[in-house]
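The residues making up each chain are set out below.
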Amino acid sequence: MKRTGRKKPIQRQLPEGTVRVSSTRGILDVLRALGHDPDEVLAKAGIDAHLYDDPDNLISYSARAQLMEACSEQADCPHFGLLVGQRGRLSSFGLVGYLAMHSPAVGVALESIVRYLHLHVQGAGAVLEQSGDTGFLGYEILQPIASGFDQVEDGALATTHNILRELCGSDWAPSEVWFTHREPPDKGPFRQFFHSLLRFDRARAGLFFLSL
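The residue count restarts for each chain, going from 1 along the sequence in the order it is written. With pLDDT at 70 or above as the cut-off, local features in this predicted model cover only qualifying residues; side-chain atom pairs require 80 or more to be listed or tallied, and sums for whole chains, interfaces and linings still use all residues. Just so you know, side-chain values use all the structure's heavy atoms and leave hydrogens and water out.

**Focus: empty space enclosed by the protein**
Note on definitions: the grid is 1 Å and covers protein atoms alone; a cavity is a set of points where a 1.4 Å probe fits but cannot get out; a pocket is an open set with protein on both sides within 12 Å along at least five of seven lines; lining residues have an atom within 4 Å of a point. Grid points are joined across faces, edges and corners, and a volume is the space filled by probe spheres set on the points. Under the counting rule described, the total for this entry stands at one cavity of 30 Å³ or more. Taken as a whole, the largest cavity spans an internal volume of roughly 380 Å³. Taken together, 28 residues make up the lining of the largest cavity; nearest its centre are Phe93, Tyr139, Ala156, Thr159 and Thr160. For the lining of the largest cavity, the elements supplying multiple residues, two or more each, are α3 (61–74), α4 (80–85), β5 (134–141) and α7 (149–168). Segments assigned H or I by DSSP are reported as helices when at least four residues long, segments assigned E as strands when at least two residues long, and all are numbered from the N terminus.

Below is the structure:
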């Protein structure tokens, strides 16, 4: 299987273990949609809501994960991360997303995301593989986090799904979606969003699809 992994960064742009807040701004929207005041929830989690005033502000990867877990508990929504990820778009990734949007082909766009994701986040990485007519776009959490792992992974895979639909068209759908965490008690929200075969307790997380 041909693999495009995390290449050595041309230049490290972010401090280790941080992520731009732009990709987590959906937290505020989801909290409002569920009837909660984002300022109050973030304050309880020790996060200043003004952090989200600038999309280029940074939050530590572990703090983002803990915030996602706190929001899930506060809103009594086990699939909170999935809802946040559904709001993710290429535009959430700043220069990385801009580069992908203006790539000459889908494959080039995905390779650019994999290669330059370090400009958006330090603490996670992407991998692109191809075997025959099957492709795989995976997400790897590299930063040790105490809680919120499932929430972050669910959000990342939902955003990955949106990115591929932006690049391939609204009719695109994955053939399988893999999660490293255990199967949730209610898979309904996941089925409704991904419309594909879901597999949990896998060795890695990502989306399988027909080669682009």
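**Describing helix α5 (residues 94–101)**
A simple rule labels every residue: compare its accessible area, found with a 1.4 Å probe on the protein chains alone, to the largest value its type can have, and call it buried under 20%, exposed over 50%, or partly exposed in between. Taken together, the buried positions of α5 are Val96, Gly97 and Ala100. The arc that holds the buried residues of α5, viewed along the axis, is 95°, so those residues lie on one side. Buried residues along α5 sit against α6 (106–116) and α7. Here the arc refers to the directions that run from the helix axis out to each C-beta atom. Note on definitions: a residue-residue contact is assigned when non-hydrogen atoms from the two residues lie within 4.5 Å.

**Let's talk about the layout of surface pockets**
As a volume, the largest pocket reaches approximately 320 Å³. Every residue lining the largest pocket is counted, 16 residues in all, and those nearest its centre are Pro78, Asp150, Gln151, Pro184 and Pro185. When contributions to the lining of the largest pocket are tallied by element, the ones reaching two or more residues are α3, α7 and α8 (188–194). In this classification, Asp, Glu, Lys and Arg are treated as charged, Ala, Val, Leu, Ile, Met, Phe, Trp, Tyr, Cys and Pro as nonpolar, and every other residue, Gly included, as polar. Among the residues forming the lining of the largest pocket, the class breakdown is five nonpolar, four polar and seven charged.

**Considering the confidence of the model for the protein chain**
Values of pLDDT, which run from 0 to 100, indicate the predictor's confidence residue by residue. Of the residues in the protein chain, 92% reach a pLDDT of 70 or more, and the chain-wide mean stands at 90. Taken as a whole, residues 5–12 scores under 50 in pLDDT and shows 16 contacts with residues more than four places along the chain or in a different chain.

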